[in-house]
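# Coordinates in review
Chain residues, written in single-letter form:
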Amino acid sequence: MDQAELSMEQVLKRDIPWETYMTTKLISATGLQLLRRFDKQPESARAQLLDEDGPAYVHLFVTILRDIFKEETVEYVLALIYEMLSANPTRARLFHDESLADEDTYEPFLRLLSKGNWFIQEKSCKILAWIISARPKSGNGAIANGEASASKKTITTIDDVLNGLVEWLCAQLRQPSHPTRGAPVAISCLSTLLKEPVVRSSFVQADGVKLLVPLISPASTQQSIQLLYETCLCIWLLSYYEPAIEYLATSRTMQRLTEVVKSSTKEKVVRVVILTFRNLLPKGTFGAQMVDLGLPHIIHSLKTQAWSDEDLLDALNQLEEGLKDKIRKLSSFDKYKQEVLLGHLDWNPMHKEANFWRENVTCFEENDFQILRVLLTILDTSSDPRSLAVACFDLSQFIQYHAAGRVIVTDLKAKERVMKLMNHENAEVTKNALLCIQRLLLGAKYASFLQA
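About the cut-offs
- Residues numbered from 1 in each chain as written.
- Predicted model: local features only at pLDDT ≥ 70, side-chain atom pairs only at ≥ 80, totals over all residues.
- Heavy atoms only, no water.
- Helix = DSSP H or I, 4+ residues; strand = E, 2+ residues; numbered from the N terminus.
- Rg over C-alpha atoms; globule rule 2.2 N^0.38 Å.
- Buried < 20%, exposed > 50% of the residue type's maximum accessible area, 1.4 Å probe, protein only.
- Areas by Shrake-Rupley, 256 points an atom, 1.4 Å probe, with all protein chains shown as cover.
- Lys, Arg positive; Asp, Glu negative; His and termini not counted.
- Charge placed at Lys NZ, Arg CZ, Asp CG, Glu CD.
- Expected span 1.5 Å × (residues − 1).
- Bend = angle between axes of the 7 residues up to and from the residue.
- Contact = heavy atoms within 4.5 Å.
- Axes fitted to C-alpha atoms, helices over the stretch in contact; angles between N-to-C directions.
- Parallel < 35°, antiparallel > 145°, perpendicular 65-115°, else oblique.
- Left-handed = near helix turned anticlockwise from the far one by under 90°.
- Nonpolar A, V, L, I, M, F, W, Y, C, P; charged D, E, K, R; others polar.
- Phe/Tyr/Trp six-rings, centres within 6.5 Å; stacked < 30°, edge-to-face > 60°.
- Lys NZ or Arg CZ within 6 Å of the ring centre and 35° of its normal.

## What about the overall build of the protein?
Tallying secondary structure elements over the protein gives 26 helices and zero strands in all. Here the protein has a C-alpha radius of gyration of 31 Å; the compact-globule value for 452 residues is 22 Å, and the former is much larger. Across its three principal axes, the protein shows a C-alpha extent of roughly 105 × 50 × 45 Å. Here the protein holds 452 residues, and the buried ones make up 49% of them. On the protein, roughly 21700 Å² of surface is accessible, and the fraction owed to carbon and sulfur atoms is 51%. Counting 51 positive and 56 negative side-chain charges, the protein places the averaged centre of each group 4 Å from the other.

Listed below in structure tokens is the structure:
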């Protein structure tokens with residue numbers, strides 16, 4: 001059977017020859033006794049045994065995984081551990097019991113991540129995620145325990161585990177071991193592990209943040225919605241970590257999150273995206289990006305919907321107020337610049353305000369006339385008549401208000417681009433293209449009568 005398609009039920013139906021392992025001294029007589037009491041028993045009986053003797057069972061399972069390499073047995077023991085932890089994740093604390101201080105409880109699972117068998121990889125990954133999340137915390141919030149031991153033998157450190165696990169998770173996002181389950185399993189584990197600051201650091205150092213961005217896209221099926229939710233949950237957790245925020249600011253994360261929140265009807269997805277926006281709003285250029293992406297309008301629309309989650313409603317209100325404040329604080333030229341860089345122009349008041357042009361016309365010189373060059377790109381590439389008309393008008397305004405406006409616009413070869421629009425099918429475009437050409441050829445003084 002294809003190991004990737006093995007189910008828990010199929011694995012747990014197996015009869016493992018525990019007596020043979022005792023005969024060959026791979027398990028002890030005590031171990032055999034524990035197994036006979038536990039194996040094939042109903043859940044209630046196993047739960048009682050784990051309550052009474054949990055650390056002994058953890059020690060036994062880890063010893064089997066360390067000493068026995070037969071694939072069917074390894075799969076079986078992983079299935080027992082997985083079943084035990086999925087029924088009650090707090091049992092992962094048993095792996096950190098003081099009686100196991102000298103045991104290398106991580107090593108078998110970390111080693112098994114590199115096995116070719118998908119069932120073994122997947123279960124080892126999920127078990128490791130549970131064990132790491134259950135580690136006791138030291139007073140300063142760092143993960144404690146496992147760095148050193150009185151024992152002489154070498155024990156896998158938490159750094160080894162984190163580096164190995166994060167490396168495996170990133171590999172699953174780059175080139176999954178299983179075509180359909182590799183990425184979802186990796187994202188699911190990350191959405192748990194990234195709650196740990198030390199894991200965030202490891203993940204960012206492994207250049208993992210960029211692997212999340214392509215997974216942020218509107219989803220329709222139940223499986224893809226869950227993957228999207230857990231991916232957005234990862235982004236939210238990373239929004240608390242400064243080095244990750246730097247990458248989020250320079251990637252297409254904001255655009256993708258905005259598309260998701262515009263189209264998603266799943267409350268938990270909308271909630272985690274809005275909470276992420278709320279975290280990022282006061283940082284760097286995120287506020288300006290949100291204004292550019294039309295988030296104020298989207299938030300207004302979302303507020304009209306019937307959400308039941310109080311946290312989401314609070315976050316929407318906070319984000320709305322925060323964006324209003326951000327818009328007030330953005331200088332008029334910043335707002336203008338953001339609009340132009342977004343490529344969608346409209347007749348906002350500043351385009352026709354004489355004060356705006358008088359006060360800000362020298363700002364157009366920044367970055368080798370970057371904004372003028374973008375306006376010309378809009379003339380070349382946009383199919384939106386409103387954007388074309390406003391771009392022509394803004395060029396004519398620059399010519400009028402900048403002392404060397406005609407020379408600069410001519411040097412940037414604007415004339416040819418604007419001339420092409422003189423025959424445009426839209427009257428608004430032709431009118432403003434004509435105004436621009438008049439000012440370019442005649443100068444602002446003689447062409448001013450054409451201004452609408």
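## So, helix H21 (residues 366-381)
In this model H21 runs 23 Å from its N-terminal to its C-terminal C-alpha over 16 residues, within 8% of the 22 Å that 1.5 Å per residue would give. Taking the largest bend as the criterion, H21 deviates by roughly 35°, centred on Arg373. Among the residues of H21, Phe369, Ile371, Leu372, Val374, Leu375, Leu376, Ile378 and Leu379 are the ones counted as buried. Check the buried side of H21 and you find it contacts helix H19 (332-342), helix H22 (385-401), helix H23 (405-411) and helix H24 (414-420).

## Remarks on the packing of helix H12 (residues 222-238) against helix H15 (residues 267-280)
Packed helices, taken two at a time, are described by their axes: the angle between them and the distance between them. Their axes nearest at 9 Å, the elements H12 and H15 cross at an angle of 20°. When the interaxial angle is binned, H12 and H15 end up roughly parallel. Considering how the two elements wind past one another, H12 and H15 form a crossing that is left-handed. Contacts from Ile225, Gln226, Leu228, Tyr229, Cys232, Leu233, Ile235 and Trp236 of H12 reach H15 at Lys268, Val269, Val272, Val273, Leu275, Thr276 and Asn279. The residue makeup of the contact of H12 with H15, split by class, is 11 nonpolar, three polar and one charged.

## Let's talk about the environment of Glu310
Inspection of the secondary structure puts Glu310 in helix H18 (residues 310-329). Remark: the alpha-carbon pair of Glu310 and Arg271, spanning 39 residues in sequence, is separated by 9.9 Å.

## Topic: the packing of aromatic side chains
This model, assessed by the stated rule, comprises 18 aromatic pairs. With a centroid separation of 5.3 Å and 50° between ring planes, the pair formed by Tyr82 and Trp130 is classed as tilted. In this pair, Tyr82 is assigned in helix H5 (residues 71-87) and Trp130 in helix H7 (residues 118-133), connecting sequence segments 48 residues apart. Both rings, one in Phe364 and one in Phe398, keep their centres 5.7 Å apart while their planes meet at 50°; by these two values the pair is tilted. Of the two residues, Phe364 sits in the loop between helix H20 (354-360) and H21 while Phe398 sits in helix H22, which places them 34 residues apart along the sequence. Exposure remark for Phe398: the relative accessible area of 0% places this residue in the buried category. The residue whose ring lies beneath Lys123 is Tyr82, and the NZ or CZ to ring-centre distance is 4.9 Å. The ring of Phe393 has Lys352 sitting right over it, with the charged end atom 5.8 Å from the ring centre.

## Topic: the side chain of Ser251
One can find Ser251 in the loop between helix H13 (242-250) and helix H14 (253-263). Classification of Ser251 by relative accessible area gives buried; the value is 13%.

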